[in-house]
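Chain residues, written in single-letter form:
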Amino acid sequence: MSEYKCHFCPVCNGRGCIEQMPGMGGPNKSINFIHNYDSWEQLASELPKTTENASPDIPIRLAPITGAVENIGYDSESSFYFDLINACVNAGIKLSIGDGTPDYKLQYGIQAVQNTLSGDKNNKAAVFIKPYPDIRIMERIDWANPVAEIYGIDIDSYNIITMRELVHLEKKTAAQLLQIKHYVNEKGFPFAIKGIFTKEDIKLVKEVRPDICYISNHGGRVETREGGTADFLAKYGSTLKQFSGRLWVDGGIRTKEHIRAAAFYDADEVLIGRPIITALCKNGSIGVSELLREPRKTPFQKVFRGSCEL
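Criteria and cut-off values
Residues numbered from 1 in each chain as written. Predicted model: local features only at pLDDT ≥ 70, side-chain atom pairs only at ≥ 80, totals over all residues. Heavy atoms only, no water. Buried < 20%, exposed > 50% of the residue type's maximum accessible area, 1.4 Å probe, protein only. Helix = DSSP H or I, 4+ residues; strand = E, 2+ residues; numbered from the N terminus. Pairing = 2+ DSSP bridges. Right-handed = clockwise from strand over helix to strand, strands pointing away. Polar contact = N/O pair within 3.5 Å; in protein donor to acceptor, adjacent residues only side chain to side chain. Contact = heavy atoms within 4.5 Å. pLDDT = per-residue confidence, 0-100. Phe/Tyr/Trp six-rings, centres within 6.5 Å; stacked < 30°, edge-to-face > 60°. Lys NZ or Arg CZ within 6 Å of the ring centre and 35° of its normal. Axes fitted to C-alpha atoms, helices over the stretch in contact; angles between N-to-C directions. Salt bridge = Lys/Arg side-chain N within 4 Å of Asp/Glu carboxyl O.

Moving on: the pairing of strand β5 (residues 191–196). Counting buried residues in β5 gives 6 out of 6 residues, a clear majority hidden from the surface. Here strand β4 (residues 148–154) runs beside β5; their pairing, made up of 4 bridges, is parallel. Considered in β5, the bridge of Gly152 is made with Ala192. In this structure, β5 lies alongside strand β6 (residues 212–215), joined through 4 bridges in parallel fashion. Note that in β6 the partner of Ile196 across the bridge is Ile215. In terms of handedness, the path from β5 via helix α7 (residues 199–208) over to β6 forms a crossover that is right-handed.

Take a look at the structure:
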């Protein structure tokens, strides 16, 4: 059995994998991974009592994930993507795929989604592309056309530690993003900006007016300002919604109460990464399906109960 880098902690709150990069942690002692979880706990605790029995009826989507060998300890990038995508389709979780280096990381994701389309032509994915030079972004968009539901640019990942010195990534300007948005919209797809987490990012949104604003700090894995995604949603979500069609959020979301808080602050979708990875590594496709069926207080509780050993 693979030696996974996840420690299968009782609560996935960032404190069990501090500074483990490559791995499941984040820089600066995983401070923003920790802030993400804690901010959702705080925001959920402050919801009005009238929301307690409300169903958090917003879609759950797989967050874009790559680097399965170096970060998760999976045997191969290809097998991870096929296992992950099939498990999410079986569980009724909406799909995303991510980009990375080498190019096969995105290409395996495309192949994994394409493999499911024979069963259901609706099994398409939100495709998130790293901020390469524009000509390489256009190339990647063309690769993914058969499987794409949405295209997005992962604007904060130019600053991700695990990709430094491996490939040229850029901090994108509003003019560049507008050009990419036009290219995507001309092909008939919505355009998303992923990685919105600073006031500077809000200015980009106001200029670009993407179809989807995606609040994220890359699961606490990029070097950026200190803080949590729940706090950012609560403070700036209504502003972002004025300049985009839909609002997505990820980072530290672990319970139904967290999802209820996201819905209360007008998020249209939540995206989840580490709990799905954990479920897949522990119990395969069945684990991912059980993740959202668990009838207790939290939808992810079953994954984190019992032994922390594989």
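Here the narrative resumes, following the displayed structure.
Along the chain, the position of Lys172 falls in the loop between β4 and α6 (174–186). Engagement of the side chain of Lys172 in a polar contact is seen with the side chain of Asp134, the distance being 2.5 Å. Separated by 2.7 Å, the side chains of Lys172 and Glu170 make a polar contact. Excluding residues that lie within four positions of it along the chain, Lys172 makes contacts with Pro131, Tyr132, Pro133, Asp134, Ile137, Leu177 and Leu204.

Turning to the confidence of the model for the protein chain, a few remarks are in order. With 92% of its residues at a pLDDT of 70 or more, the protein chain shows a mean pLDDT of 91. Across residues 295–310, confidence stays below pLDDT 50; counting only partners more than four residues off in sequence or on other chains, it has 46 contacts.

Enumeration over the complete set of coordinates arrives at 11 aromatic pairs. Ring plane angle 45° and centroid distance 5.4 Å describe the contact between Tyr104 and Tyr108, whose orientation is recorded as tilted. Of this pair, Tyr104 and Tyr108 both sit in helix α4 (residues 104–116), 4 residues apart, roughly one helical turn. Ring plane angle 70° and centroid distance 6.4 Å describe the contact between Phe128 and Trp248, whose orientation is recorded as edge-to-face. Taken together, the residues Phe128 in strand β3 (residues 125–129) and Trp248 in strand β7 (residues 246–250) connect sequence positions 120 residues apart. Take Phe128: its relative accessible area is 1%, and that puts it in the buried class. Taken together, the aromatic side chains of Tyr4, Tyr74, Phe80 and Tyr81 make up a single cluster linked through ring pairs. The ring of Phe197 carries the charged tip of Arg225 above its face, separated from the ring centre by 4.0 Å. The ring of Phe33 has Arg274 lying over it, and the distance from NZ or CZ to the ring centre is 3.6 Å.

Right, let's talk about the sheet that holds β6 for a bit. The strand order β1-β8-β7-β6-β5-β4-β3-β2 describes an open sheet built from 8 strands, whose pairing is parallel. Edge positions in the sheet fall to β1 (60–62) and β2 (95–97), since each of these pairs with one other strand and no more. With direction set aside, neighbouring strand axes in the sheet form an average angle of 25°. Running at roughly 155° to β2, α4 makes contact with β2 and β3 of the sheet. In the packing of α6 onto the sheet, contacts are made with β4 and β5, and the angle to β5 comes to roughly 140°.

Here the focus is the pattern of salt bridges. Close approach of charged atoms lets side chains of opposite charge pair. Applying the stated criterion to the full structure yields 16 salt bridges. Residues Lys94 and Glu269 are paired through a salt bridge, measuring 3.0 Å at the closest nitrogen-oxygen approach. Of the two residues, Lys94 is situated in the loop between α3 (77–91) and β2 and Glu269 in strand β8 (residues 269–272); the sequence distance between them amounts to 175 residues. Classification of Lys94 as partly exposed rests on a relative accessible area of 30%. The exposure class of Glu269 is buried, given its relative accessible area of 4%. Asp103 serves as the salt-bridge partner of Arg136, at 3.1 Å between the closest nitrogen and oxygen. Taken together, the residues Arg136 in helix α5 (residues 134–144) and Asp103 in the loop between β2 and α4 connect sequence positions 33 residues apart. Put simply, Arg61, Lys94, Glu149 and Glu269 are held in one network by salt bridges that share partners.

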